[in-house]
Amino acid sequence: MNQKTSIKTLAAYSGLAAPLATLYFPIYIFLADFYVKNFDIKLEEVGFIFLCVRLFDAFSDPIMGYVSDRFKTPLGFRRFWIILGTPLVMCSAIALFWPDAKASIDSSYMLTWLILLTVGWTIIMTPYFALGAEISSSYIERSRITLYRESVALGGTILAAVLYSLGKNDFEGMKYIAMFIVIVLPLASLLCVFLVNEE
């Protein structure tokens, strides 16, 4: 009989979902309007940028899955990639969510940093989801692990909206989201990597 997954492991694993969800939500809800309103970028350019990103995802996701399935590191197959992707996501989040209001920012800036963010996101998320299925071999425990992860992710989504609403303007709201990600993401990544074991 499989041992029940400890609360410590569940918390360490699912905790990473909070900053990731806080990051993901504003990309598709706030980011387009933020750049169209405040910088010299047209709405159709933003639409094209997001199309390019989604097409890029179609290739990057299976490649990352292949890499994390076949290359074992001292931290196992999954956890090393979470550490590797974290700095890239942090830098990209700062660039996208906390830009200089006085800077001359065009569509190439948004495209570059959104692609880099997507690369970091893929490096983290693909192994992270796979790790959830490898914490336990029990179907019931895997369902429990997924429930914890998705519950925390829902909380992260709500938190993103709250942080944004706390700002006096959209620049300040986006800055609060970036600050949360930069502070919490590395801590959550380290806890997940060092407190969660692959079965």
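Everything in this summary refers to the structure shown in the same document. All values reported here derive from a predicted model rather than from experimental measurement.

### Remarks on the pattern of salt bridges
Then step 1. Tallied over the entire structure, the rule returns 7 salt bridges.
Then step 2. Residues lysine 37 and aspartate 170 are paired through a salt bridge, measuring 3.7 Å at the closest nitrogen-oxygen approach. Here lysine 37 is found in helix α3 (residues 31–38), whereas its partner aspartate 170 is found in helix α8 (residues 170–195), with 133 residues between them in sequence.
Then step 3. When its relative accessible area of 56% is taken as the criterion, lysine 37 is described as exposed.
Then step 4. Judged by relative accessible area, which is 12%, aspartate 170 ranks as buried.
Then step 5. When the shortest N-O distance is used, the salt bridge between arginine 54 and aspartate 57 registers 2.7 Å. With arginine 54 and aspartate 57 both in helix α4 (residues 43–70), this residue pair falls 3 residues apart, about one helical turn.
Then step 6. Members of the salt-bridge network, linked through shared partners, are Asp33, Lys37 and Asp170.

### Section: α3
Then step 1. All of the buried residues in α3 are Leu31, Phe34 and Tyr35. One side of α3 carries all its buried residues, which in axial view fall inside an arc of 90°.
Then step 2. Taken together, the buried residues of α3 touch α2 (17–29), α4, α5 (79–97), α6 (107–134) and α8.

### Considering the packing of helix α1 (residues 7–15) against helix α7 (residues 139–166)
Then step 1. Running from N to C, α1 and α7 cross one another at 45°; their axes reach a closest spacing of 8 Å. One finds that α1 runs oblique with respect to α7. Relative to α7, α1 is oriented so that their crossing is right-handed. Contacts from Ile7, Leu10, Tyr13, Ser14 and Gly15 of α1 reach α7 at Arg144, Ile145, Tyr148, Arg149 and Val152.
Then step 2. Residues that form the contact of α1 with α7 fall into these classes: 6 nonpolar, 2 polar and 2 charged.

So, how was this worked out
Residues numbered from 1 in each chain as written. Predicted model: local features only at pLDDT ≥ 70, side-chain atom pairs only at ≥ 80, totals over all residues. Heavy atoms only, no water. Salt bridge = Lys/Arg side-chain N within 4 Å of Asp/Glu carboxyl O. Helix = DSSP H or I, 4+ residues; strand = E, 2+ residues; numbered from the N terminus. Buried < 20%, exposed > 50% of the residue type's maximum accessible area, 1.4 Å probe, protein only. Arc of directions from axis to C-beta. Contact = heavy atoms within 4.5 Å. Axes fitted to C-alpha atoms, helices over the stretch in contact; angles between N-to-C directions. Parallel < 35°, antiparallel > 145°, perpendicular 65-115°, else oblique. Left-handed = near helix turned anticlockwise from the far one by under 90°. Nonpolar A, V, L, I, M, F, W, Y, C, P; charged D, E, K, R; others polar.

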